[in-house]
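# Summary of the model geometry
The lines below spell out each chain.
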Amino acid sequence: MQQYSGKSVYKGITMGPVAVLEKQDDLVRRRKIDDPEQEIERTGAACEQAKDQLGKLYDKAVKEVGETSAAIFEVHQMMLEDDDYLESIHNIIRTELVNAEYAVAQTGDNFSEMFASMDDDYMKARAADVKDISNRLIRILSGAGDTDLSSMEPSILIADDLSPSETVQLDKEKILAFVTVHGSSNSHTAILARTMNIPALIGVPLRLDEIKNGMTAVVDAHEGKVTFDPDEAMMARTAERIAQEKEKLRLLEELKGKENVTLSGKEIKIFANIGSVSDVGYVLENDAGGIGLFRSEFLYLGRTDFPTEEEQFQAYKQVLQTMAGKKVIIRTLDIGADKQVDYFNLAKEENPALGYRAIRICLKQPDIFKTQLRALLRAAVFGNLSIMYPMITSAEEVQKIYEIVAETEKELKEAEVPYKVPEQGIMIETPAAVMISDELAEIVDFFSIGTNDLTQYTLAIDRQNEKLDDFYNPHHKAILRMIKMVVDNSHKCGKWTGICGELGADTELTEEFINMGVDELSVSPSMVLKVRQRVREIS
Ligand code: PEP
Ligand code: MG
């Protein structure tokens, strides 16, 4: 048995086989080789295997998302036959006498830079495709297997760290727990674990090369421990505890259909946060009153080109229809900072959290914004939609947004496309927005406080920096006073305020939030019933 400790970001206990997700960088080590022809032969075989994988992905995608979206896999297959691409790989192997993995990585970088610098938008977008196929080849060459985890049995996922674009590609039904070497409590992996109700440990000092795919592990996120190769006694004890946990969940289930009312009769709305259309199942399963935050940027992650207006429209419409008249608050894209997407071609920044992100991208690149707005306005006809804008710092930004919304509306009207302009609110996640919340309350329909970023910007603590987890104190008086101030300012104008950051699910604060007059808490689906339980105990 080998046991390691880490920090629990979502409690629970599970047992099962392990699947190690290796980072691309670890797979590409430059090695000198003696036989270049043998490396070229390995490359050829890897290309064949990649084409085979892509063929299967194409068939799967056609069934799940239709032919248009699946076509990308055909494009990737064709790229693997491109003479220039293959010649470059062969040339690097022959002239530098290096391994195929390295030659593919070099070629991938060179070609994607070349595409990215082209003027033509279509060619620009191919930069991400070239990276994608090169990564696929590298994984095959280095024996790391296919990144597509859909073929694995339900497993405990072990990784160095997981980026939002990696998490979005995971088949969520196949994950029993997350265990990562790095990561912070506020990372999107942690948020995903809470959405899916699965145990998660971060900061576990593992050496990934010592962990074998398929070996059994127990993740005890109550104790913050992961044990590999557990003995019989531990396995038996764990099975018992898993059964007890199931029983607790069953008891929570009895709260379904009940109101979120305190013993003294105060009511608060409890909504859920989602990142994808498929998360709506968790929202309904946990009996949330609505969706308080749909992080729409997840539609943009893990792909090689922008989602089209039609793709977005279908996704929003599906969520609205499934929620059948319950409120659905969709946040416009919050790309940048920790959510990087190659095809946005964003320059590397010194301080990405303080950089070109979220509404700033939308205001500077209104074409991207308008595509999303068109999809949202069209989808609004199908349910109870509210649009929410992230990272607001001034009233001028809101006015600019309204101008772009008005232009979008005019275009839809002229084209005689059915649409509706729904309720529009903003996220309060910068200290600036808090300080002028009196002014902002006059021009928006509602506020939703993003405590994850608000804490980061108020305490000057990078939420992604794991070394600062001990300093990241969302219970800080400054944050609580800010929440009170925002709620009061919204109420003065007859508007409402919710909390959609992780703090909303903190049951130690539920009573304080209710006393402050917070109108809505939007939490991970797995937390809805736990918060309801807490609300119903408050006298
Ligand atoms: C927040 O900042 O609190 C929030 C809800 O947004 P995100 O976590 O997606 O940045
Ligand atoms: Mg935020």
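Use the structure listed above.
What comes next is a walk through the structure.

The rules behind the values
Residues numbered from 1 in each chain as written. Chains lettered and ligands numbered in written order. Predicted model: local features only at pLDDT ≥ 70, side-chain atom pairs only at ≥ 80, totals over all residues. Heavy atoms only, no water. Helix = DSSP H or I, 4+ residues; strand = E, 2+ residues; numbered from the N terminus. Rg over C-alpha atoms; globule rule 2.2 N^0.38 Å. Areas by Shrake-Rupley, 256 points an atom, 1.4 Å probe, with all protein chains shown as cover. Near = heavy atom within 4 Å. Polar contact = N/O pair within 3.5 Å; in protein donor to acceptor, adjacent residues only side chain to side chain. 1 Å grid on protein atoms, 1.4 Å probe; cavity = no way out; pocket = protein on both sides within 12 Å on 5 of 7 lines; lining within 4 Å. Sits in = over half its atoms within 2 Å of the grid points. Nonpolar A, V, L, I, M, F, W, Y, C, P; charged D, E, K, R; others polar. Points joined across faces, edges and corners; volume = space filled by probe spheres on them. Contact = heavy atoms within 4.5 Å. Buried < 20%, exposed > 50% of the residue type's maximum accessible area, 1.4 Å probe, protein only. Expected span 1.5 Å × (residues − 1). Pairing = 2+ DSSP bridges. Axes fitted to C-alpha atoms, helices over the stretch in contact; angles between N-to-C directions. Patch = residues over 30% accessible without salt bridge, like charges linked within 9 Å, V, L, I, M, F, W, Y side chains within 5 Å. Salt bridge = Lys/Arg side-chain N within 4 Å of Asp/Glu carboxyl O. Lys, Arg positive; Asp, Glu negative; His and termini not counted. Charge placed at Lys NZ, Arg CZ, Asp CG, Glu CD. Phe/Tyr/Trp six-rings, centres within 6.5 Å; stacked < 30°, edge-to-face > 60°. Lys NZ or Arg CZ within 6 Å of the ring centre and 35° of its normal.

## Regarding the overall build of the protein chain
When helices and strands are counted, the protein chain shows 20 helices and 16 strands. The C-alpha atoms of the protein chain give a radius of gyration of 24 Å, which matches the 24 Å a tight globule of 539 residues would have. Projected onto its principal axes, the C-alpha coordinates of the protein chain cover approximately 80 × 70 × 40 Å. Here the protein chain displays about 23900 Å² of accessible surface, and carbon together with sulfur accounts for 49% of that area.

## Here's the deal with the site of ligand 1
In the region of ligand 1, 15 residues are neighbours, and Arg295, Arg331, Gly450, Asn452 and Arg463 sit closest. A distance of 2.7 Å is found between an oxygen atom of ligand 1 and a side-chain nitrogen or oxygen belonging to Arg295. A distance of 2.7 Å is found between an oxygen atom of ligand 1 and a backbone nitrogen or oxygen belonging to Asn452. For ligand 1, whose free accessible area comes to 290 Å², the fraction covered by protein is 100%. Its atoms largely coinciding with the cavity grid, ligand 1 occupies the largest cavity. For the shell around ligand 1, the secondary structure elements donating two or more residues are β10 (291-295) and α17 (451-459). The element that contributes the greatest number of residues to the shell around ligand 1 is α17, accounting for three residues. Residue composition of the shell around ligand 1, by class: three nonpolar, five polar and seven charged.

## Quick look at empty space enclosed by the protein
In this structure the tally under the stated criterion is one cavity of 30 Å³ or more. Its volume calculated, the largest cavity comes out at about 90 Å³. Every residue lining the largest cavity is counted, 16 residues in all, and those nearest its centre are Arg331, Glu429, Asn452, Asp453 and Arg463. Elements that contribute at least two residues to the lining of the largest cavity include exactly β10 and α17. Taken together, the residues that form the lining of the largest cavity break down as three nonpolar, four polar and nine charged.

## So, the side chain of Ser155
Along the polypeptide, Ser155 turns up in strand β4 (residues 155-159). A polar atom in the side chain of Ser155 sits 2.6 Å from the backbone oxygen of Glu153. Apart from the residues lying within four places of it in its own chain, the contact partners of Ser155 are Pro17, Val18, Ala19, Lys174, Ile175, Leu176 and Ala177.

## Quick look at the environment of Ala50
Within the fold, Ala50 resides in helix α2 (residues 36-65). What makes Ala50 buried here is its relative accessible area of 0%. As a C-alpha pair, Ala50 and Phe115 span 65 residues in sequence and 22 Å in three-dimensional space. Apart from residues no more than four positions distant in its own chain, Ala50 is found in contact with Leu80, Arg136, Leu137 and Ile140.

## Regarding helix α14 (residues 395-414)
Because an α-helix packs 3.6 residues into every turn, residues spaced three or four apart end up facing the same way. With 20 residues, α14 extends 29 Å from end C-alpha to end C-alpha; this agrees with the ideal 28 Å at 1.5 Å per step. Looking at α14, one finds that the buried residues are Ala395, Glu397, Val398, Ile401, Ile404, Val405, Thr408 and Leu412. Looking at the buried positions of α14, the neighbouring elements they touch are α12 (359-364), α13 (366-379), β12 (384-389), β13 (423-428) and α16 (437-443). One or two residues past the end of α14 sits Glu416, with phi positive at roughly 55°.

## Examining the sheet that holds strand β14 (residues 446-449)
An order of β9-β10-β11-β12-β13-β14-β15-β16 is seen for the eight strands of this closed barrel, with the pairing classed as parallel. On average, adjacent strands in this sheet sit at an angle of 30° to one another, irrespective of strand direction. Judged from the two bridges that link them, strand β15 (residues 496-499) and strand β16 (residues 520-523) form a sheet pairing that is parallel. Paired with Gly498 across the strands is Glu520, a residue of β16.

## Focus: a negative patch on the surface
Where like charges cluster on the molecular surface, the negative patch consists of Asp82, Asp83, Asp84 and Glu87. Take Asp82: it is sitting in the loop between α3 (67-79) and α4 (83-96). Judged by its relative accessible area of 33%, Asp82 falls in the partly exposed class.

## Comments concerning the sheet that holds strand β1 (residues 2-5)
With respect to topology, eight strands assemble into an open sheet ordered β1-β8-β7-β3-β4-β5-β6-β2, the strand pairing being mixed. A strand with exactly one partner marks an edge of an open sheet, and here the two such strands are β1 and β2 (7-10). Within the sheet, the average angular offset between the axes of one strand and its neighbour, ignoring direction, is 30°. Examined bridge by bridge, β4 and strand β5 (residues 175-180) share five bridges and lie parallel to one another. By the bridge assignment for β5, Ala159 is matched with Thr180.

## Some words on the pattern of salt bridges
Following the criterion strictly, the structure yields 35 salt bridges and no others. Glu37 is paired through a salt bridge with Arg94; the nearest N and O atoms lie 3.0 Å apart. Placement of Glu37 in helix α2 and of Arg94 in helix α4 is noted, with a sequence separation of 57 residues between them. Accessibility expressed as a relative area gives 41% for Glu37, which makes it partly exposed.

## As for the packing of aromatic side chains
All told, the structure shown has 10 aromatic pairs when counted by the stated rule. Their ring planes at 65° and their centres at 5.9 Å tell us that Phe313 and Phe382 sit as a pair that is edge-to-face. Of this pair, Phe313 sits in helix α11 (residues 309-323) while Phe382 sits in the loop between α13 and β12, and the two are 69 residues apart along the sequence. Clustering of aromatic rings is evident, with ring pairs tying together Tyr300, Phe306, Tyr343 and Phe344. If you follow Lys317 out to its NZ or CZ, it ends over the ring of Phe382, 4.7 Å from the centre. Here Arg378 stacks its cationic end above the ring of Phe313, 3.9 Å away from the centre of that ring.

Note that all results are geometric; they support no functional claim without further evidence.
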